[in-house]
Amino acid sequence: MAQRSLLNISGKNDVRQRLQVLRQEINLHAHRYYVLDDPILADAEYDRLFQELVALEQQHPELITPDSPSQRVGGAVLAQFATVPHTVPMLSLENAFAAEELVDFEERLFRFLQNRAPIAYVTEPKLDGLAVELVYENGLFTLGSTRGDGLVGEEITQNLKTIPAIPLRLLNQDRETPKRLEVRGEVFIGLAEFRILNEERGKAGEPLFANPRNAAAGSLRQLDPKITATRPLDLYVYGVSDPTALPCTTQHELLKHLGSLGFKVNPLVHLCRSIAEAIKQFALLQSQRSALAYDIDGMVVKVNDFALQERLGAKARSPRWAIAAKFPASQATTRLVAVEFGVGRTGAITPVAILEPVQVGGVTVHRATLHNEDELRRKGLMLGDTVLVQRAGDVIPEVVKPVIENRTGQEQPIIMPTTCPECSQPLVRAGQEAITRCPNPDCPAQRVRGLIHFTGKSGMDIEGLGKKAVEQLVTQGLIQDIPDIYQLKVESLAALDGWGDKSAENAVRAIEASRTPTLAKFLAALGIRHVGEVTAQLLARHFSSLARLLLAGEADFLQIEGIGEQVATSLVDYFQDPAVQEMLARLEVLGIRVQEEKPDANAQGGLAGSVFLFTGSLARLSRHEAKSRIKELGGQVASGISRKVTHVVLGDSPGSKLTKALELGLAVISEDEFLRLIGR
Ligand code: IVH
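In this report, we go over the structure that sits alongside the text. The structure presented is a predicted model; accordingly, all values stated were derived computationally and were not measured. Each chain has its residues counted from 1, running along the sequence as written. Given that this is a predicted model, residues contribute local features only at a pLDDT of at least 70 and side-chain atom pairs are listed and counted only at 80 or more, while totals for whole chains, interfaces and linings are drawn from all residues. The side-chain quantities take in all heavy atoms of the structure and omit both hydrogens and water.

1. What to know about the overall build of the chain
Each helix is a run of DSSP H or I of at least 4 residues and each strand a run of E of at least 2, with the numbering of both proceeding from the N terminus. In terms of helices and strands, the chain carries 26 helices and 22 strands. Dimensions of the chain, computed from the C-alpha atoms along their principal axes, are close to 90 × 75 × 45 Å. Only protein chains enter the accessibility calculation, which uses a 1.4 Å probe; a residue is then buried when its area is under 20% of its type maximum, exposed when over 50%, and partly exposed in between. Within the chain, buried positions represent 47% of all 680 residues. Every accessible area reported is derived by Shrake-Rupley at a probe size of 1.4 Å, with residue values counting cover from the shown protein chains alone. By element, 52% of the accessible surface of the chain is carried by carbon and sulfur atoms, the whole surface being about 33200 Å². We treat Lys and Arg as the positive residues and Asp and Glu as the negative residues; His and chain ends play no part in the count. Where a charge lies is defined by one atom per residue type: Lys uses NZ, Arg uses CZ, Asp uses CG and Glu uses CD. When the 75 positive and 83 negative side-chain charges of the chain are each reduced to one mean point, those points stand 2 Å apart.

2. Comments concerning the sheet that holds strand 19 (residues 611–615)
Strands pair, by our definition, only if DSSP identifies at least two bridges between them. With respect to topology, four strands assemble into an open sheet ordered 20-19-21-22, the strand pairing being parallel. Looking at strand neighbours, the two that pair on one side only are strand 20 (636–637) and strand 22 (668–670), the edges of this open sheet. Sheet topology note: the strand 21 (residues 647–650)/strand 22 ladder contains three bridges and is parallel. Bridge pairing in strand 22 links Val649 to Ile669. Should any heavy atoms of two residues lie within 4.5 Å, those residues are considered in contact. The axes used here are C-alpha line fits, helices contributing only the stretch in contact, and every angle between their N-to-C directions lies in the interval 0 to 180 degrees. The strands touched by helix 25 (residues 656–664) within the sheet are strand 19, strand 21 and strand 22, with strand 19 carrying the most contacts at an inclination of about 135°.

3. Things to note about the site of the ligand
To be near a molecule or strand, a residue needs just one of its heavy atoms within 4 Å of it. In the region of the ligand, 14 residues are neighbours, and Leu93, Glu124, Lys126, Glu186 and Lys302 sit closest. Between a nitrogen atom of the ligand and a side-chain N or O atom of Glu124, the distance comes to 2.7 Å. Residues adjacent in sequence count toward polar contacts only when both atoms are side-chain atoms; beyond that, a polar contact is any pair of N or O atoms within 3.5 Å, and within protein one must be able to donate a hydrogen and the other to accept it. Within the side chain of Lys126, a nitrogen or oxygen atom sits 3.4 Å from an oxygen atom of the ligand. The protein chains hide 86% of the 510 Å² of surface that the ligand would expose on its own. Broken down by secondary-structure element, the contributors of at least two residues to the shell around the ligand are strand 3 (121–127) and strand 10 (296–303). Ranked by residue count, the leading element in the shell around the ligand is strand 3, at four residues.

4. With respect to unusual backbone geometry
Unlike most non-glycine residues, Gln114 shows phi in positive territory, near 60°. Tracing the sequence through the fold places Gln114 in the loop between helix 4 (99–113) and strand 3. Judged by its relative accessible area of 73%, Gln114 is exposed.

5. A word on the sheet that holds strand 5 (residues 140–146)
On the basis of which strands lie adjacent, the open sheet formed by four strands has the order 5-4-7-8 and antiparallel pairing. Unpaired on one side and paired on the other, strand 5 and strand 8 (233–240) mark the two borders of the sheet. Adjacent strand axes in the sheet meet at a mean angle of 35° when their direction is disregarded. Sheet analysis places strand 4 (residues 130–137) next to strand 7 (residues 180–189), joined by eight bridges and oriented antiparallel. For Val135, the partnering residue across the bridge sits in strand 7 and is Glu182. Sitting on the sheet, helix 9 (residues 251–260) touches strand 7 and strand 8, and the angle it makes with strand 8 is about 140°.

Structure below.
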């Protein structure tokens, strides 16, 4: 479809018009989807519009505008962030920890105003994320920054552009929309998205984020916006730097107005006629908290009327007209009894705090992850410390900090092991990595975890071979590696403690059923470092068969969109390992048949691994034909010049791409040579 409309459009003005229509339509539907949560267009239809836009822009890069939805994918990598002074300081809020403190808050207002006239308030959920400022000039998003110290923030425009909830251009602009508008809000990651993100990281052997807030902060402060673009960031706006800039006289009107400009405003905001009503809202919000899709740590109460706000003014760091009512934290103190060091599937050594059991938010906590050595050092923990433990937003329990005042002098330093606690190999810590690893691929702990991963849900999903069963089979010497699983016999399983004929038969049947996995499933099950389910899918789609994948080198992996150097190196290391090659050979002998990925016509793949770029016009076939032929043959077509391009096809009157190609030393071929390559 996209290509058909491409062919219909000839003149530059047509293209410009079509681009404008596409951008408007895409923006409209993105707003309905991401901001209003009320889509009216099927996903596939939206994708089609988007593809058409990208295709047209690729043909006419000079017509790309900064507010084009295609510009959300992430721009150039930065060496460091620039700083941006805020024209109006970004203040923080004073806290209230109980309902009475809200009454005190109102009393202070009455005193300051020297009258007791009723005051209306707006209550807003207080999201636990990161405050940002978004600057719009003539309706266009031009500058985005973090709060920083409140006076000066870090410039993160490109990263913010990747967040779909942020409009790149204001909607419904009119004469009253100021030339420059500074909007403020909170960037966050939802709880479900956070879990998925961490799961993916865990599978890929990457360090986990401690909580959604850290994940959001880490994602926003990426020097490479392409990484930010892959993170599920979201945003609610709650104010502007200068409320007189817009035609609103109250906070409640302002929030509505921001909504009409295309921003996402939290639906749980409430207009209250009195502080008593605000207190009721606080109780209500607290009861809703655990059902929300994101983490909140309290409720902000703001004086509704801007004229009143103005009269109340601000103290050094916080306005007088607002206060944050905080929820009681699910925190408790207990004693750090010991630190154990676990060995993960990829050899990562994870310190785990062993705690004197304590109730936190209704759950007994015995242990809490300390993530990695850096985290442990940063917290400055010692054995025997009294520690503050919390469960943030019902996520995994964590040790917040030691209670230094409780130290007796008897506390002992925590010593990181220098050898693997399971196999005694010296541990290694590579370059910038926060993770210490056991480098021994034969480490029994890694082997067991690798086997558990292989049979588990994210692997081959073999019913009856869960964590406990695998551990038992390894301890009993029945399995040592993956091929052993396929040699298990009903009799030997049935003879084990806790097993019977039935469960043994079922397990063997489930093992049999897993003999013909899809390529994606098989790759994910192998537990290759940095290769989770998503990457496995990418690989399967690209190579179609295991045999073809085994022939690939680093350069071939790097050509796949979504695969970077780290993953490519990891793949090469893995498949070049003689032990892995032997294992794959044994699986083959045992009759494991990894299925070819069927639907892809790329399967013939004569051009698999080749990336073509065209410059100038072709004489004997259209670009469209050329491109579809390349794709049929398993090759790729690049939109711009880069080192990934393997063939630059030279047409009539080539453009600047040719000069660049020559500078980069890329192979340039004639149209005739190209035709021969594609078999015409
Ligand atoms: S108003 C001058 N509203 O809380 C008003 N802040 O301690 C200052 N926050 O830095 C901010 N949700 O990161 C406001 N609905 C909300 C908020 C909110 C979260 C955060 C924000 C700010 C911090 C203030």
